[in-house]
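Summary of structural features
Residues per chain, in single letters:
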Amino acid sequence: MTAPLITFLSDYGLGNEFVGVCHAVIARRAPQARVIDLTHSIPRHDVHTGAIVLRGTLPFLPDAIILAVVDPGVGSTGARGRRAVAVRTTEEDRLLVGPDNGLLMPVCERLGGVAEAFDVGESDERLEPVSPTFHGRDIFAPVAGALAAGTPIEDLGEPLPPEGLRRLNIPVAVRTAEGLELHVLHCDTFGNLILDGQTEQVAELGLKLGDEVAVRYGGGTHRATFARTFADVHPGGLLLYKDGLGMLALAVNRGSAAELLGAGRHDELLVTGA
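The rules behind the values
Residues numbered from 1 in each chain as written. Predicted model: local features only at pLDDT ≥ 70, side-chain atom pairs only at ≥ 80, totals over all residues. Heavy atoms only, no water. Buried < 20%, exposed > 50% of the residue type's maximum accessible area, 1.4 Å probe, protein only. Helix = DSSP H or I, 4+ residues; strand = E, 2+ residues; numbered from the N terminus. Contact = heavy atoms within 4.5 Å. 1 Å grid on protein atoms, 1.4 Å probe; cavity = no way out; pocket = protein on both sides within 12 Å on 5 of 7 lines; lining within 4 Å. Points joined across faces, edges and corners; volume = space filled by probe spheres on them. Nonpolar A, V, L, I, M, F, W, Y, C, P; charged D, E, K, R; others polar. Core = buried A, V, L, I, M, F, W, Y, C linked by side-chain atoms within 4.5 Å. Pairing = 2+ DSSP bridges. Axes fitted to C-alpha atoms, helices over the stretch in contact; angles between N-to-C directions.

Topic: helix α2 (residues 47–57)
Of all 11 residues making up α2, 11 are buried, and the element is well covered by its neighbours. Of the positions making up α2, those classed as buried are V47, H48, T49, G50, A51, I52, V53, L54, R55, G56 and T57. Buried residues belonging to α2 abut β1 (5–10), β2 (34–39), β3 (65–69), α3 (105–110) and β9 (180–187).

Here we look at the environment of R137
By the element assignment, R137 lies in helix α4 (residues 135–148). Discounting residues that sit within four places of it in the chain, R137 has contacts with V21, C22, V25, L127, S131 and P142.

Considering the layout of surface pockets
Here the largest pocket is characterised by a volume of approximately 460 Å³. Lining the largest pocket are 26 residues; nearest its centre among them are I42, V53, H186, D188 and L245. Put simply, the parts of the chain that give the lining of the largest pocket at least two residues each are β2, α2 and β9. Residues that form the lining of the largest pocket fall into these classes: 12 nonpolar, 10 polar and four charged.

Comments concerning the nonpolar core
In a soluble, globular protein the nonpolar side chains are often hidden away together inside. With 30 residues, the main nonpolar core has I6, F8, I65, L67, V97, V120 and L147 as its most contacted residues. At eight residues, α4 tops the list of elements feeding residues into this core. Excluding its chain neighbours within four sequence positions, the residues that come into contact with I65 are L5, I6, T7, L95, V97, A144, L147 and A148.

Some remarks on empty space enclosed by the protein
Per the stated rule, a full pass over the model turns up one cavity of 30 Å³ or more. Around the largest cavity, the lining residues are V85, V87, P99, D100, N101, G102, L103, L104, M105 and L165. By residue class, the composition of the lining of the largest cavity is seven nonpolar, two polar and one charged.

Comments concerning the sheet that holds β2
The pairing of strands in a sheet comes from backbone hydrogen bonds and takes either a parallel or an antiparallel form. Taken together, the seven strands give an open sheet; going across it, the order is β2-β1-β3-β5-β4-β6-β7, and neighbouring strands pair in mixed fashion. Sheet topology places β2 and β7 (158–160) at the edges, where each strand pairs with a single neighbour. Strand-to-strand twist in this sheet, taken as the mean axis angle between neighbours without regard to direction, amounts to 25 degrees. Two strands pair when backbone bridges link them, and β1 and β3 are joined in this way by five bridges, in the parallel orientation. Within β3, the position partnered with T7 by the bridge is I66. Where helix α1 (residues 18–29) meets the sheet, its contacts fall on β1, β2 and β3, and the angle it forms with β1 comes to roughly 155 degrees.

Next comes the structure, spelled out in structure tokens:
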């Protein structure tokens, strides 16, 4: 029998015990499960980037329970509080566990939406006493472990209406009379700016690989090459390309596009022919 798999993404970092103790909790509940660490380097509290990265990894994930924890609202209660949830997607019957703050929803939307959702904040699987600041260890990891051990999702919490789950407002690229209006979704560790467009939209501007493009941002204009890979431009050169997850991105060969442009998350850029 194939061992159950859990993929794990968080903003915990690796300079503390947080990731390791979540692994330990899962192992106590489901010793046969294998955990794949996608990343624990999401910028602290950055739900938006966590959601974008998680969505981008989806085509490469095995059939696995998806555990994701980027949870700046941990422990909050009342009308502004966030719930702890487990959901099943409409397509592929994927199971996801995490906070109800929009983190899980882009993946769910790629899989036809949410078929059923459960509030697991009071689950019998949770560790007692529950820390108000570490639900990753005390709620999310035990629930993911229980799912890996074969516990039905409906036994883990109270049902929720899927339409009531929180969603993020993720921008989309827009073709205008001037060119292609793009937004920075996040910046990776190399300083590459991941954008919300597709290379097909650049082609619709009449541009092809090897062409020069103009990137307008912050009152300035930068020349870039619509390229296949970094080595297609000289060191220090700016390029517009399709990244490893299929997203349009800006990079500097052996440098940082974020530093060159001074751009960051949510910033708007305009790409036109040079």
